[in-house]
Amino acid sequence: MARREIARRLIVNADDFGRSHSNNEAVVRAHQDGILTTASLMVNEPGLDEAVALARQNPRLGVGLHLALSHGHSALPPGKIPGLVNERGEFSNQPTATGFRYFMRRSLREQLRREIDAQFEKFRATGLPLDHVNGHLHFHLHPTVFRLLMEAADKFGIRRMRLTREPFWMDAPLARGRRWYRASHAAIYLCLSAYARPALRRRDIRHTRHVFGLLQNALVDEQYILKLLARLPGGDSELYSHPSLDEFKHEFDALVSAQVRAAVREQGIQLIRYQDL
């Protein structure tokens, strides 16, 4: 009896939607003219209103919340969360030190809860359906942040979340160099995802089996995507990127590449959104 082949389905996501006009333009053009299917919205950045308007004009684009608790601005004024931001409402740009503070200082947990609530409320106010949840620099998997998200999952309407993990052995054929960076990040996120997975299962919060792009760190170019498509495993996967028309134009170019679009068709890969899981 022939073995049944497992369909290959791929979410192609853009992080940092709403960060700037350049990010917003890249997201919409990559969705309309390329393979992009979803985007993660930063609700506290200057391009928010434009991003929301563009999302409404493109209802097939799945939009989720890109929770920001490091690098960027807060939803709440500094006086309400003085342990999280400076007087200008800016989070720290040192993610490792920030992560340790959030874990060690129990006094910050109530401030984190308030800020998380405020960012979900700002997303709700856009009127856009919540396609998924993830975090800037993957802070949604930080143990303290993740517990707060799970405590309020029903209130926030969290039904799908990025479970960030990319085994090094899967990444090894796709890229070269920076082996220490790639191996260490693979190990860190395998541990974090192992901690988070049982809680997601108990709450029936869906996620993809694999996530690609983590070990590339803003180097998701055409060559990388073509290699990935040829080796994409069966089941549901996510490829995330940071397309823009300036800083990361190579990632935008890869998403609209004619070769990439042809490879998706030739490989029989289904492009989906988180809401399709």
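Check the entry above for the structure.
What counts as what
- Residues numbered from 1 in each chain as written.
- Predicted model: local features only at pLDDT ≥ 70, side-chain atom pairs only at ≥ 80, totals over all residues.
- Heavy atoms only, no water.
- Helix = DSSP H or I, 4+ residues; strand = E, 2+ residues; numbered from the N terminus.
- Rg over C-alpha atoms; globule rule 2.2 N^0.38 Å.
- Buried < 20%, exposed > 50% of the residue type's maximum accessible area, 1.4 Å probe, protein only.
- Contact = heavy atoms within 4.5 Å.
- Areas by Shrake-Rupley, 256 points an atom, 1.4 Å probe, with all protein chains shown as cover.
- Lys, Arg positive; Asp, Glu negative; His and termini not counted.
- Charge placed at Lys NZ, Arg CZ, Asp CG, Glu CD.
- Core = buried A, V, L, I, M, F, W, Y, C linked by side-chain atoms within 4.5 Å.

**Student:** How should I be thinking about the overall build of the protein in this particular structure?
**Tutor:** Assigned secondary structure in the protein consists of 11 helices and 7 strands. In terms of overall dimensions, the protein is globule-like: its C-alpha atoms have a radius of gyration of 18 Å, near the 19 Å expected for 277 residues. Reported as C-alpha extents along the three principal axes, the dimensions of the protein are approximately 60 × 35 × 35 Å. Scored against the burial criterion, the 277 residues of the protein give a buried share of 56%. Within the protein, residue pairs in contact and separated by at least 24 positions form 78% of the contacts whose partners lie at least 6 positions apart. Taken as a whole, the protein presents about 12900 Å² of accessible surface, with 52% of it coming from carbon and sulfur. Averaging the coordinates of the 40 positive side-chain charges in the protein and doing the same for the 30 negative ones gives two points 7 Å apart.

**Student:** Is there a simple way to think about unusual backbone geometry in this case?
**Tutor:** Residue Asp16 is not a glycine yet carries a positive backbone phi of 70 degrees. By the secondary structure assignment, Asp16 is in strand β1 (residues 8-17). Judged by relative accessible area, Asp16 falls into the buried class, the value being 3%. Even without being a glycine, His138 presents a positive backbone phi close to 65 degrees. Topologically, His138 is positioned in the loop between β4 (133-135) and α5 (143-151).

**Student:** Would you mind going over the side chain of Glu238 with me for this structure?
**Tutor:** Inspection of the secondary structure assignment puts Glu238 in strand β6 (residues 235-241). Those residues within four positions of Glu238 in sequence are excluded, and the remaining contacts are Leu10, Ile11, Asn13, Arg162, Thr208, His210, Val211, Phe212 and Tyr274.

**Student:** I'm lost on the nonpolar core in this one. Help?
**Tutor:** Here is a general trend for soluble globular proteins: nonpolar side chains tend to be buried in one another's company. Ranked by size, the top nonpolar core spans 77 residues in total, and within it Phe17, Leu41, Ile116, Leu149, Ile158, Met161 and Ile225 carry the most contacts. Looking at which element gives the most residues to this core, the answer is helix α8 (residues 179-202), with 6 residues. Residues in contact with Ile116, not counting those within four places in the same chain, are Leu67, Leu69, Val145, Leu148, Leu149 and Phe156.

So far we have only geometry, and geometry alone does not tell us how the molecule works.
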